[in-house]
Amino acid sequence: MDTPTVARFEASRHRLASLAYRLLGSAADAEDTVQDAFLRWQAADREHIAVPEAWLTTIVTHLALDRLRSARARHERAVGAWMPEPLLDGDPMLGPADTAEQRESVTLAVLLLMERLTPTERAVYVLREAFSYSHAEIAAILGITESASQQHAHRARRRVAAARHDTDVDRAEARRIVEAFVAAASSGRTDRLVALLTEDATGTSDGAGLGGLRRLLRYDTPGRIARAVRAGFAPTPAKRALAGGTATMHAALVNGSPAMIALVDRRVRGILVLETRAGRIAAVRGIATPARLHRLTERWELHDPGTPIIEAW
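In the nomenclature of an unreviewed UniProt entry, the protein chain is known as Sigma-70 family RNA polymerase sigma factor of Nocardia thailandica. You can read under Subunit (unreviewed entry) in the UniProt record for the protein chain the words "Interacts transiently with the RNA polymerase catalytic core formed by RpoA, RpoB, RpoC and RpoZ (2 alpha, 1 beta, 1 beta' and 1 omega subunit) to form the RNA polymerase holoenzyme that can initiate transcription."

See below:
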């Protein structure tokens, strides 16, 4: 393939990856989808493609929807241990973040709630809210009517509204929140943790740090969340062995939310994402499945971590 043709695709790669990530919730699947799109681009009769950006957007959207509808994807999401792949602040796959809607569309809360949408509703929501496509453009991409696009968008917004959390947290605020959380968890006092949580706070863990458990653990009250965090936070030889050694804890922004990141030998072994609402913690999400932390580890190498919250856990 000639260099200008490759360059034209590469100029769109980050945007396409961001689109695929929002649709799929997986950086690895997003990368595979974009690579498949590149192969389609390579084989296409490009002289008859009037608007390459629109053509590529259509191809990536449909490839991603095919993945969502596949038997493999349905199985993975049905077995009860699926969670979105977290991305570190500054990762180009997070895509546009100029508006509250764009930032909201990539939070873990929204990525999880989008699992309840149909693939078409999901695509309409992402194309409209994150990439500002008109309903006429979305209709052309998805092969539906403009009226249907509007209806899908309305249903998606109504469902996603329940996931609204703070989307304007900066690194300094993230560190303050994580430090307060760590101090409360380290105190051993459940009431200190409960005081940081909203009354309707929820907790979710992929269970990967619990001896190979592969199902989601859910906690639906502040008291239960606090007890689970307090129990899990105390270091033991068994936990260190499971993590692969003594961990260093850092504060960071992950998918726009404060997060505590545990590293062992410069590899991310687990994270706790603290999604906030009005300054209090509304959701605690624990992720330790290695496959979901690969890209975060890669991006950490390019990241200025600052001073650890905990030097040795």
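## Structural notes on the overall build of the protein chain
Along the protein chain, the regular secondary structure elements total 14 helices and six strands. Relative to the compact-globule value of 20 Å for 313 residues, the protein chain shows a C-alpha radius of gyration of 20 Å, a close match. Based on the C-alpha atoms only, the size of the protein chain along its principal axes is roughly 65 × 40 × 35 Å. Looking at the protein chain residue by residue over its 313 residues, the buried ones come to 50%. Long-range pairs, those at least 24 residues apart, make up 68% of the contacts in the protein chain between residues at least 6 apart in sequence.

## Quick notes on the pattern of salt bridges
Counted under the stated rule, the structure contains 17 salt bridges. In this structure, Arg-159 and Glu-121 form a salt bridge, with 3.8 Å as the shortest nitrogen-oxygen distance. Pair noted here: Arg-159 is in helix α9 (residues 146-160) and Glu-121 is in helix α7 (residues 119-130), with a separation of 38 residues, a long-range link. A residue is classified by how much of its surface remains accessible, and Arg-159, at 36% relative accessible area, is partly exposed.

## A closer look at the packing of aromatic side chains
Each aromatic ring pair is summarised here by two numbers: the centre-to-centre distance and the angle between the ring planes. Under the definition given, this model contains two aromatic pairs. Arranged with centres 5.0 Å apart and planes meeting at 65°, the rings of Phe-9 and Phe-38 form a pair that is edge-to-face. Here Phe-9 is found in helix α1 (residues 3-24), whereas its partner Phe-38 is found in helix α2 (residues 27-43), with 29 residues between them in sequence. Per residue, the accessibility class of Phe-9 equals that of Phe-38, and both read buried. Ring geometry for Trp-41 and Trp-55: centres 5.8 Å apart, planes at 55°, overall tilted.

## Looking at the nonpolar core
Counting residues in each nonpolar core, the largest one holds 63 residues, and the members touching the most others are Phe-9, Met-114, Val-126, Val-254, Ile-261 and Ile-271. For this core, the element with the highest residue contribution is α1, accounting for eight residues. Counting residues in hydrophobic clusters, the runner-up holds 27 residues, among them Ala-185, Leu-193, Met-260 and Ala-262.

## Focus on the packing of α7 against α9
For the pair α7 and α9, the least separation of the axes is 8 Å and the interaxial angle reads 90°. With respect to α9, the element α7 is oriented roughly perpendicular. Facing Thr-120, Glu-121, Val-124, Tyr-125, Arg-128 and Glu-129 of α7, the residues of α9 in contact are Ser-149, His-152, Ala-153, Arg-155, Ala-156, Arg-157, Arg-159 and Val-160. Along the lines of polarity and charge, the residues of the contact of α7 with α9 split into five nonpolar, three polar and six charged.

## Comments concerning the packing of α1 against α7
Direction vectors running N to C along α1 and α7 enclose 135°, while the axes themselves pass 10 Å from each other. With respect to their mutual orientation, α1 and α7 come out oblique. The way α1 lies across α7 gives a crossing that is right-handed. Across the interface between the two elements, Leu-19, Arg-22, Leu-23 and Leu-24 of α1 pack against Arg-122, Ala-123, Val-126, Leu-127 and Ala-130 of α7. Looking at the contact of α1 with α7 residue by residue, the class counts come to seven nonpolar, no polar and two charged.

## Observations concerning the UniProt feature "domain: RNA polymerase sigma factor 70 region 4 type" (unreviewed entry) in the protein chain
The UniProt feature table records "domain: RNA polymerase sigma factor 70 region 4 type" (unreviewed entry) at residues 109-159. Summarising residues 109-159: 76% helix, 0% strand, and an end-to-end C-alpha distance of 12 Å.

## Let's talk about the sheet that holds strand β6 (residues 280-287)
Read from one edge of the open sheet, six strands run β2-β1-β6-β5-β4-β3, paired in mixed fashion. Among the strands making up the open sheet, the edge pair consists of β2 (217-219) and β3 (248-254). This sheet shows a mean twist of 15° between the axes of neighbouring strands, independent of strand direction. Looking at chain direction, strand β5 (residues 267-277) and β6 are connected through seven bridges and run antiparallel. For Arg-277, the partnering residue across the bridge sits in β6 and is Arg-280. Against the sheet, helix α14 (residues 290-300) engages β3, β4 (257-264), β5 and β6, with an angle of about 95° to β5.

Procedures and definitions
Residues numbered from 1 in each chain as written. Predicted model: local features only at pLDDT ≥ 70, side-chain atom pairs only at ≥ 80, totals over all residues. Heavy atoms only, no water. UniProt positions renumbered as here; feature names shortened; annotations may be inferred. Helix = DSSP H or I, 4+ residues; strand = E, 2+ residues; numbered from the N terminus. Rg over C-alpha atoms; globule rule 2.2 N^0.38 Å. Buried < 20%, exposed > 50% of the residue type's maximum accessible area, 1.4 Å probe, protein only. Contact = heavy atoms within 4.5 Å. Salt bridge = Lys/Arg side-chain N within 4 Å of Asp/Glu carboxyl O. Phe/Tyr/Trp six-rings, centres within 6.5 Å; stacked < 30°, edge-to-face > 60°. Core = buried A, V, L, I, M, F, W, Y, C linked by side-chain atoms within 4.5 Å. Axes fitted to C-alpha atoms, helices over the stretch in contact; angles between N-to-C directions. Parallel < 35°, antiparallel > 145°, perpendicular 65-115°, else oblique. Nonpolar A, V, L, I, M, F, W, Y, C, P; charged D, E, K, R; others polar. Left-handed = near helix turned anticlockwise from the far one by under 90°. Pairing = 2+ DSSP bridges.

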